[in-house]
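Structural characterization, general
Here is what each chain is made of, one letter per residue.
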Amino acid sequence: MVGAVPVTVSVLGATGSIGKSAAAVIGANKDRYRVEAVAGGSNPQELARVARQLGARFAAIFDQAAYPALKEALAGSGITAAAGAGAVCEAAARPADRVVAAITGIAGLAPTCAALAQGSTVALANKEAMVSAGAAVLKLAASHGATILPLDSEHNSLFQAMGGAPMSTVARLTLTASGGPFRLWSAEAIAGATLAEALKHPNFAMGSKITIDSATMMNKGLELIEAQHLFGLPEERIDVLVHPQQMIHGLVTFTDGSVNAGLAVPDMRVPMAHCLAWPERCDSATPALDLIRIGRLDFEAPDETRFPALRLAREAMRANGAVPTVLNAANEVAVAAFLNSRIGFADIVKIVETVMIMPAMADLPAPASVEDAVSIDSEARLRAGEVLSRLS
Ligand code: NDP
Ligand code: MG
């Protein structure tokens, strides 16, 4: 914060779980932040409520049909209402010191890019954008002098634990994982898991897509790919460590054997506060980490047999090419189908693997641009839809 001038923030995905963390941190630091724009998908009442709560100037909803309801819900507030994909990108592109990119899935890619194209500092939660189009997104950011701050808790923790050290001094990065609701389940039991069981994350209340990704551990797979892009390390130097308490979020092992661990209570308000205030600090409105109360921290090796999504993500990283884009698209289709009770839990990863290894997908070159990634994503979604209709 420079003197008394507030930091302007826009929140994309303001009605979601990460959006709520942003609102909580902004609310705990009212003099520090001013909200420029908020954007959401299809819930006009909730978007209008958040926009009013945060005192935003502009509110954009993706669903065109929701425009009249949004406009009515904002009547008298002085907040401009807008609708459609272009309006969400406009929300992202309005001048702001920080743009929180927290739309779920590939839907967040264009708005994230719209913010980066303005040279903004983007707090990136939308890992699917990085998985799908990582190299192109980084290129876009570099060409506009934009900064990407990792908001995903593991990557945020790694960024902090690195303390600005050059990457040449980093030997390994370790992402921790809760192990999800099925950490102790047999492969047979996992295969038969119900939607209600998969939606019970042990530590976090999150949006439904990432909650299912945590149950398959595809979330950690996506995070491996995200880390590969954000930190520029090869696949074999990024590890996953199951740590059920999720107090340590990431570990940086330096070339001399020193290890810096990033600890915090498992609450997205902590990395949110870091990203909003960086390089300063602000109140995250969270309870202090109490290691005496926690008593112990446990660690286990990840099990790629019971959680094949981890293996698939590693294969995608090694294959390079367009496989990460394909993996992400097929996973989004499969998770949506599971959430709609069209397929069983084990089918999610089955669909992803089937699409990934199709020669037409596996042999595609890495997307050279964001547009390329979008077209590969569309193609992979069609293939995943075909596999899905054979299964369901
Ligand atoms: P939620 O499902 O809770 O929220 C998603 C948000 O995106 C909602 O505001 C939703 O609006 C909005 N949205 C959906 N589609 C569109 C669209 N086409 N245009 C504009 N807005 C849209 O998800 P989370 O907050 O849990 O996750 C958001 C992202 O952050 C994901 O990429 C996730 O992987 C990542 N992340 C989440 C963490 C967490 O703890 N939740 C931790 C780390 C990363 P509406 O409410 O109208 O549907
Ligand atoms: Mg994470």
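Our subject is the structure that appears above.
The shown structure was predicted, so the numbers you read here are calculated from the model rather than taken from an experiment.

Right, let's get into the coordination of the magnesium ion (ligand 2). Here the magnesium ion (ligand 2) is held by the protein donor atoms D152 (OD), E154 (OE) and E223 (OE), which lie 2.0 to 2.2 Å from it. Counting gaps between the donor residues of the magnesium ion (ligand 2) yields the pattern D-x1-E-x68-E. You can see E154 sitting in helix α7 (residues 153–162) and its partner E223 sitting in helix α11 (residues 218–231), a full 69 residues away along the chain. Judged by its relative accessible area of 3%, E154 is buried.

Right, let's talk about the packing of aromatic side chains for a bit. Overall, the coordinates contain four aromatic pairs when judged by the stated rule. An angle of 50° between the planes, with centres 6.2 Å apart, marks the rings of F159 and W278 as tilted. Residue F159 is located in helix α7, and its partner W278 is located in the loop between α12 (269–277) and α13 (291–294); the two are separated by 119 residues in the primary sequence. Take F159: its relative accessible area is 27%, and that puts it in the partly exposed class. On the basis of relative accessible area, W278 is assigned to the partly exposed category, the value being 30%. Between F182 and F345, the ring centres sit 5.2 Å apart and the planes meet at 85°, which makes this aromatic pair edge-to-face. Residue F182 is found in the loop between β8 (170–177) and α8 (187–191), and its partner F345 is found in helix α16 (residues 345–356); the two are separated by 163 residues along the sequence.

For the rest of this paragraph, the subject is the sheet that holds strand β10 (residues 248–254). Across the sheet, four strands lie side by side as β9-β8-β10-β11; this open sheet has mixed pairing. Looking at which strands have only one partner, the edges of the open sheet turn out to be β9 (238–242) and β11 (259–263). Strand-to-strand twist of the sheet, defined as the mean angle between neighbouring strand axes without regard to direction, takes the value 20°. In this sheet, β10 lies alongside β8 in antiparallel orientation, the contact comprising five bridges.

What counts and how
- Residues numbered from 1 in each chain as written.
- Chains lettered and ligands numbered in written order.
- Predicted model: local features only at pLDDT ≥ 70, side-chain atom pairs only at ≥ 80, totals over all residues.
- Heavy atoms only, no water.
- Donors = N, O, S within 2.8 Å, 3.2 Å for Na, K, Ca; no water.
- Helix = DSSP H or I, 4+ residues; strand = E, 2+ residues; numbered from the N terminus.
- Buried < 20%, exposed > 50% of the residue type's maximum accessible area, 1.4 Å probe, protein only.
- Phe/Tyr/Trp six-rings, centres within 6.5 Å; stacked < 30°, edge-to-face > 60°.
- Pairing = 2+ DSSP bridges.
- Axes fitted to C-alpha atoms, helices over the stretch in contact; angles between N-to-C directions.

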